[in-house]
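For reference, the chains in residue letters:
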Amino acid sequence: MAKILVLYYSSYGHIETMAQAVAEGARAVAGTEVVVKRVPELVPEEVARNAHFKLDQQAPIATTAELVEYDAIVFGTPTRFGNMAAQMKNFLDQTGGLWASGALIGKVGSVFTSTATQHGGQESTILSTHTVLLHQGFIVVGLPYSFQGQMILDEVTGGSPYGASTIAGGDGARKPSKNELDGAHYQGKHVAEITTALVKGRSV
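From a predicted model like this one, the values you see are computed outputs, not experimental measurements.

Participant: Requested: an account of the UniProt feature "domain: Flavodoxin-like" (unreviewed entry) in the protein chain, with residues and values cited.
Facilitator: Residues annotated by UniProt as "domain: Flavodoxin-like" (unreviewed entry) correspond here to residues 4-191. Along residues 4-191 the backbone is 33% helical and 19% strand, and the end-to-end C-alpha distance reaches 9 Å.

Next up, the structure:
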């Protein structure tokens with residue numbers, strides 16, 4: 001079995017929703033075991049409540065030590081000024097020991113994101129996260145143009161060859177569209193197909 005982790009941080013639920021779509025896509029590939037987890041929140045609970053964070057997320061909290069158990073990890077993070085959220089960066093900054101031992105080399109890594117606006121840093125967030133993955137030795141996988149949804153011009157939508165994405169709106173009221181969820185599902189399936197092929201090849 002190819003073990004795949006969908007690891008995310010979500011303040012308002014947009015990335016949480018996208019993470020479930022990624023996981024569904026990965027589960028559609030035979031021979032996969034898919035787990036969804038999230039990184040710890042850093043914001044004090046009172047502050048999070050006052051900011052109307054979504055605090056009822058059901059995914060369990062991940063630890064850095066368990067990352068070695070998976071063949072692929074798909075990271076989901078909202079953007080913060082064109083970069084990953086501090087919660088995800090804080091988590092990844094604790095993987096120095098894994099880097100030193102080369103524990104993550106050869107695993108498949110992929111990224112999806114959300115922004116408030118159409119040009120709010122979707123690509124830069126994914127690409128800057130790729131930098132961390134490459135330092136750890138991940139095999140980086142994106143969202144290929146075989147997902148035709150990123151080619152449409154008749155609606156405002158997230159999605160690029162770097163990874164799936166959604167647009168939350170300035171007030172967070174916009175939810176992931178069908179096309180954006182389809183992109184996340186496709187990315188999860190694409191990652192799972194590549195991962196299962198690698199696992200089978202290495203077993204031989």
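On we go.
Participant: So what's going on with the packing of aromatic side chains? Which residues, and what values?
Facilitator: Taken as a whole, this structure holds three aromatic pairs when the rule is applied. With a centroid separation of 5.2 Å and 75° between ring planes, the pair formed by Y12 and F53 is classed as edge-to-face. A residue pair is termed long-range when its members are at least 10 positions apart, and Y12 in the loop between β1 (2-8) and α1 (14-27) and F53 in the loop between α2 (45-50) and β3 (72-80) qualify at 41 residues. Geometrically, the ring pair formed by F147 and Y186 is tilted, given 5.6 Å between the ring centres and 45° between the ring planes. Here the residue F147 occupies a position in the loop between β6 (139-140) and β7 (165-167), and Y186 occupies one in helix α6 (residues 178-203), the gap between them amounting to 39 residues. Its relative accessible area of 8% is what places F147 among the buried residues. Geometry around Y70 places K3 over its ring, the cationic atom sitting 5.3 Å from the centre.

Participant: Which residues make up the pattern of salt bridges, and what values do they have?
Facilitator: The tally for this structure, following the rule as stated, stands at eight salt bridges. Linking K54 and E16 is a salt bridge whose minimum nitrogen-to-oxygen distance equals 2.9 Å. Taken together, the residues K54 in the loop between α2 and β3 and E16 in helix α1 connect sequence positions 38 residues apart. The class for K54 is partly exposed, based on a relative accessible area of 29%.

Participant: Give me the lowdown on the UniProt feature "binding site: NAD(+)" (unreviewed entry) in the protein chain, citing residues and values where you can.
Facilitator: Per the UniProt record, "binding site: NAD(+)" (unreviewed entry) is annotated on Y12. Ignoring anything within four residues of it in the chain, the contact list for Y12 reads A51, H52, F53 and K54. From its side chain, Y12 meets the backbone oxygen of A51 in a polar contact 3.3 Å long.

Thresholds applied
- Residues numbered from 1 in each chain as written.
- Predicted model: local features only at pLDDT ≥ 70, side-chain atom pairs only at ≥ 80, totals over all residues.
- Heavy atoms only, no water.
- UniProt positions renumbered as here; feature names shortened; annotations may be inferred.
- Helix = DSSP H or I, 4+ residues; strand = E, 2+ residues; numbered from the N terminus.
- Phe/Tyr/Trp six-rings, centres within 6.5 Å; stacked < 30°, edge-to-face > 60°.
- Buried < 20%, exposed > 50% of the residue type's maximum accessible area, 1.4 Å probe, protein only.
- Lys NZ or Arg CZ within 6 Å of the ring centre and 35° of its normal.
- Salt bridge = Lys/Arg side-chain N within 4 Å of Asp/Glu carboxyl O.
- Contact = heavy atoms within 4.5 Å.
- Polar contact = N/O pair within 3.5 Å; in protein donor to acceptor, adjacent residues only side chain to side chain.

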